[in-house]
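Understanding the architecture of this molecule
Residues per chain are reported as follows:
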Amino acid sequence: MTALDNLGGTDTTDLTRRGFRVLGIGIGRQKALFSLSIAFSVLFGATTVADAWVLGWATDHVIRPSFADGDVATGALVTGTLLFISAALLRMIGVVGRRLVGGIVYYRLVAGDRRRVTRKYLQLPVSWHQSHPTGQLLSNANADVEAIWSVFMPLPMAIGVIAMLVVAVATMLAADLVLTLVGLVVFPLLFVLNVVYQRRQGPRMAQAQSLRGDVSSVAHESFDGALVVKSLGREDEETARFASASEELRDANIAVGRVRAVFEPVLEALPSIGVLLVVLLGIGRIESGATDPGDVVQIAYLFTIVAMPVRAIGWVLAELPRTVVGWDRVRGVLDDPTRFPYGSDDLPGSGPVGLRTEGLGFSYEPGEPVLADLDLDVRPGSVTAVVGSTGSGKSTLTSLVTRLVDADEGQVLLDGRPVAEIEHGALSAAVSLVPQATFLFDDTVRSNITLDADVDDETVWDVLRTVQAERFVAALPHGLDTQLGERGTSLSGGQRQRLSLARALVRSPRLLVLDDATSALDPDVEQRILRALAERSQSGGPTVLVVAYRKATIALADQVVHLADGRIADRGTHAELRERSAAYRDLVDAYDQAREEVDHE
Amino acid sequence: MSDKTTPREGSLRIIRRGLALSPAITEGWRRTVLLALLGTAGSSLVPIVVQRSVDSGLGDTRGGVEGDRIVLVVVLAALLLVVSGVASWAAKVRIFTGTERGLTQLRVRAFRHVHDLSMLTQNTQRRGSLVSRVTSDIDQISLFLQSTGMILVLSAGQMLVATAVMAFLSWQLTLVVIAVFVPLALSLKFFAERMSVAYDRVRQTVADLLTTIAEPVVGASVVRSYAIEGRTQQRIDAAIQTNYRSNVKAQTIVSVTFASAILVGGVANAAALGVGVWLGVVGDLSMGTVIAFIFLITLFVGPAQMATQVITEAQNAVASWRRVIELLETPADVVDPGPGSAALPTGDLGARFTHVRFAYPDGPTVLDDVDVTIAPRQRIAVVGETGSGKTTFAKLLTRLMDPAEGTVALGRDDQWADVAQVSFADLRRHVVMVPQEGFLFDSTLAENLRYGRRSATDDELVAAIGDLGLVDWFEALPRGLQTRVGQRGESLSAGERQLVALVRSALADPAFLVLDEARARSTPRPSCGPRVRSRCCSTDARASRSRTGCPRPRTPTASSCSTPVASSRTARTPSSSTRAACTSACTPAGWPRRRSGSGRRLGHWHREQPEPRRRRAAQAGRQRSRGCGRAGRGHPRRADGGLDGRRGAAPHPHDRRGHVLEPQPERVLGQGRDVWPHARGARGAPRLRRRHRARHDRSCGPDLPHRCQNLLRRRPAPLTWRARVLAAGTAPRSSASSWPVVPRSRSVGARGSPRRSATARAPVRSSSRPARTSRRSCPGSRS
């Protein structure tokens, strides 16, 4: 929103120009439907003028003769009524078509860009996602896309109005030249006033919108910190803070209202003044016989019905800045050059793969390496525990070996093959990562585990048994078919982690990477799961790389790698490391002091 | 809240009560209505002018044109047009000003009321909806009143005046026109309902759409590592398509209802023409009147076009209004008795629970018949399993909630005051709770610290930071006290936020301090453990243990040894000997026991107890340099008090990454569903982003207890507070590892100053049942 809020009147011509260019692109994307909506809109514009023409005609051919003769001119009257009704009918068709088809154009444009943006999200690498705030990305695919195209809602009408004005001036010219001059003064004036109105209102509206955001953030913050506010007795100060934000918003809203209060009566009065002028001038024209009363009535009526639609042009111009801002943001995503190409090699063979890293180096910020010169060797079918304190690079290592992220230096090899050369599907089939943070889809339990892979229920249940999740899944109202979207919140962190583990196991990976994936589990459950995993590994199951904390877990590993400050401080078996490294002892003991005693019970 | 109020009240009643709650809206309404009527009357001038001039010869030139008369009419009309324009301006300004003022009153009132509701601190899930009460709901009313509501009022005025003019010109023709519009009016309700249903459906598909769109964003690494891009895209495409269809459907209804008024207008024109001409021929209707009617009919068509939309939006606005009113009518359950009701004794405070029972509305009993007395200057840990009522205990103590039965009193000796009778101002000054999540406001460090004591000068703030031994950390901050902490303090690391919260409570200088460990998600996060410990000059627990003769605990778990708040649902503070036994038996596993050198600190700590406060601070400083300085100075990167070396506004890369990976997406989305329907368009996005951040913070949470506790343990400074009571957190495992304070208080009782021993031995009121768990876990210690 911020960029939008900053839009004052700065460089409006450029904005308008760019806005029109975006309009052109949108029209190009929905040529056929857009043309159809314009056709409807022109029909609407023409029939609006026709309505006035019918009144003029009826005045001259029905009303005046009838009143003059004292006898109903039946034939003409029937024609007049039918003309009124058919003009209205056509106009109605025009309006329905314009609004409906125009709406479809808008919704199609929005849907199209949402597809584009989300496809791009799926292409962009994980590192890109990590460097962009979630909220921003969601907003790009939602609000920003809507902001670009919302101008298409009033656009067909605005174009129809232009057609209407042309037709109106033409009919006026046909009726009376002098009276047309009134129209040629009033219509442009209406148009200019509308534009001035929107220009003045725009920044005020943006200001109000931004203050609305401020009020909302004060409320969010204050309620989120309610415990602090209450326990320190700061309710009065908080209320004062909120009140001052609200009062600013109030004043901004009133400022918007004041501008409206000035412009709207003027915009309403202008056509009326036009009518009065037409009547005044009409006296002379009729007296001189230059024009018929019907023409005067027609032109007067035209003013009353044309005034309102003319506003649509102002709406379009008002929307253009948003269009440009939204466009820039969405293009920012779509044009992002970041690529993450996968190789084309297969990963032949079956059974556990060996993992090796050579001189692995990685940093998030230049000059602050997270991992440096890391050589790791994991034998196929073995269990390796990675141990280290916060910030030692454990999670980064898991992202690198599963190729969620590419290393800055060195390479990761699976069975001697660089991961960068392996095809995406082959890699994901061979390697499963269970990340720290569980992510479940708004879908059924089954789909969350199989992710549409071709796996039968028996296998799913088997895996659920392994991860100690069979009982709670069976207890769900629809078992595997339970929708997690609705029940997701009722699952505990541990339950979610177990589903996440099952998801990895069900695919029988050849390398399983667990990044602190059991943190929410009770220790005994964790132990049971890990033992089952270790057994699997020994009987031809996956090679396991596990970021571990608990001593009991570490003890299950064939090899322990102790990471410190992005480097391997030591490696060996748990017993060896314990024997020779004080730092390792400290680390592991500290981890486990709580656990140890609980476990001993 | 809707479940609390009886059947839905009529819209009119809601509006009436809403107006009563926002008196500024209706202030001077008579004048406003008068001005509005005058303002809308302008639109009827043109038809009158047309009628007059046509009848004055413009329509029938045979009788000659009465030019002068027409000019007179036109000039009069022009004058009236100006008058009505001015009236319209005045009316609009009055309406805008009045409604905005009134709604701001309502907004602020609702905001304050939310803070008065204990619901806010009880139920975090409701927060989102409470926020929307004071934001989007009131915005909705405001937007409605400004746009649609204004149209409604002005159209009504316009139609009213037009009908009056029509009736004046010809009542017969008026009836004809009304008859034509009646079917449309009758169908409004039907269309409005259809539209409402269609919009609901749209909102729902929007929520689903957002959920699905979030999948590749929040779950980027899962999508990537399982190579399920295709599946995800399919789901998104399906959601986009569903949303598209529901939008088109709603648009169809809107288009048709909007346009149907045009057809009705055409029929009305035709009818006015036919009947008018006939009436003119057989009766005395003038030609000008017939034409004027055609002009007047346009005044009905506009409002009729908008009617369905107006009704739908009005319904939404009334629904919003109803929600706000219902909120305001929810009685504040914890009421400030106001000043002068009961005074707390000055100086040290203790607490006493008498037969306290607590249950959440419609929920199970959380605490039952709890009898506890906490003497002043004590450190008490409350431990127990998840859901055992520890947080409830803390909240009752700080009167964030009231017990269902029994009383909570504060005081000492024979001076006790029921907390329910103590004014909030007094209570909050003396009793402070530090929630485990250090919540910071988006402001400067100084402002955040002043939440503790609003009058504190910068020097006092710095002094408080020094008292807690956080000078190293503070000096590393880029802009000192003026450092912006960012939204929710995000510019600081989780540990730093906690430190700020601690300094804040130190500034509050309460007589009674309650530390609540917020819901710890899971296991103690060991990743921060070693580092903290390596820096911390910890007490030699083994020495303490031997002093009490309690064997080195092999088995006890937190819950087996907890204050029976947990296990027997009966809170008690064990008698001094029991407590000593229990706490030593309970020596939490996380309690460091290796560094013998730090025993010195314990001694130090004891010695300084009886000394005057001002000297303590000096000692604290000395002690820092002696006991802890080595670790701190030795590793400059870590000299920040256990904070990963993170500094100021430069977040560790992991932080950034955390925004994407850490949130528990399904929760976020589950809530998103509640939130988004209110948050239309762009406004929703920042809110969701905040939610993600919140999630992120919480998921970092488990690190904190260690840091907080270690800080308390290692720094003598906390003892300069008069605070003595600690109420513990939730998960037993983390409780166990993070409450090393307990043995200290025991050791203090055992060998500290005479005064301390006395208070420790002070008789403790407890219920009849003995501290079973304590005895069992530590049999030898009772001898």
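The structure contained in this document is the topic of the report that follows. (Residues numbered from 1 in each chain as written. Chains lettered and ligands numbered in written order. Predicted model: local features only at pLDDT ≥ 70, side-chain atom pairs only at ≥ 80, totals over all residues. Heavy atoms only, no water.)

A word on the overall build of chain A
Stated precisely, the cut-off is as follows: Segments assigned H or I by DSSP are reported as helices when at least four residues long, segments assigned E as strands when at least two residues long, and all are numbered from the N terminus. For every residue, the accessible area obtained with a 1.4 Å probe (protein chains only) is divided by the maximum for its type, and the residue is called buried under 20%, exposed over 50%, and partly exposed between those limits. It only takes one pair of heavy atoms within 4.5 Å for two residues to be counted as in contact.
The helix and strand inventory of chain A stands at 22 helices and 10 strands. Counting over 601 residues, chain A shows a buried share of 60%. A sequence separation of at least 24 residues applies to 78% of the contacts in chain A between residues at least 6 apart.

A closer look at the environment of Phe 191 of chain A
All names here are of chain A. Following the sequence through the fold, Phe 191 ends up in helix H8 (residues 177-224). Overall, the relative accessible area of 33% leaves Phe 191 in the partly exposed class. Distance from Phe 191 to Leu 267, taken between C-alpha atoms, is 9.6 Å for residues 76 residues apart in sequence. Not counting the four nearest positions on each side in its chain, Phe 191 is found in contact with Val 310 and Ile 313.

Remarks on the packing of aromatic side chains
Put simply, the rule is: Working definition: a ring pair exists when centres of Phe, Tyr or Trp rings (six-membered ring for Trp) sit within 6.5 Å. Plane angles under 30 degrees give stacked, over 60 give edge-to-face, the rest tilted. Note on geometry: a ring has a charge over it if NZ (lysine) or CZ (arginine) is within 6 Å of the ring centre and within 35 degrees of the ring normal.
Here the structure, examined in full by the defined rule, presents 16 aromatic pairs over all chains. With a centroid separation of 5.3 Å and an interplanar angle of 20 degrees, the aromatic rings of Phe 223 of chain A and Phe 111 of chain B are classed as stacked. With Phe 223 of chain A in helix H8 and Phe 111 of chain B in helix H5 (residues 67-116), the pair connects residues from two separate chains. Chaining the aromatic ring pairs together yields one cluster made of Phe 34, Trp 149, Phe 152 and Trp 327 of chain A. The ring of Tyr 342 of chain A has Arg 403 of chain A sitting right over it, with the charged end atom 5.1 Å from the ring centre. The lysine or arginine in question, Arg 428 of chain B, covers the ring of Phe 424 of chain B, its NZ or CZ lying 4.9 Å from the ring centre.

Looking at unusual backbone geometry
Residues and elements named next belong to chain A. Positive phi, normally seen in glycine, also occurs at Gln 468, with a value near 60 degrees. On the secondary structure map, Gln 468 appears in the loop between helix H15 (457-466) and helix H16 (470-475). According to the relative accessible area criterion, Gln 468 is partly exposed, its value standing at 23%. Positive phi is not limited to glycine here, since Asp 565 has a value of about 50 degrees. One can find Asp 565 in the loop between strand E9 (559-564) and strand E10 (567-572). Relative accessible area serves as the criterion here: at 53%, Asp 565 is assigned to the exposed category.

Thoughts on the sheet that holds strand E3 (residues 383-388) of chain A
Within a sheet, each strand pairs with its neighbour through backbone hydrogen bonds, oriented either parallel or antiparallel. Residues and elements named next belong to chain A. Formally: Two strands pair under a simple rule: DSSP has to find at least two bridges between them. For every element, the axis is a line fit to its C-alpha atoms; helices are fit only across the contacting stretch, and the angle between N-to-C directions ranges from 0 to 180 degrees.
Taking strand neighbours across the sheet as the criterion, the six strands line up as E6-E7-E8-E3-E9-E10 in an open arrangement whose pairing is mixed. Two strands lie at the open edges of the sheet, namely strand E6 (431-434) and E10, each paired on one side alone. The average undirected angle you get between the axes of adjacent strands in this sheet is 15 degrees. In this structure, strand E7 (residues 511-515) lies alongside strand E8 (residues 543-547), joined through five bridges in parallel fashion. In the sheet register, Leu 514 faces E8, and the bridge partner there is Val 546. Contacts from helix H18 (residues 493-505) reach E6 and E7, with the element oriented near 175 degrees to E6.

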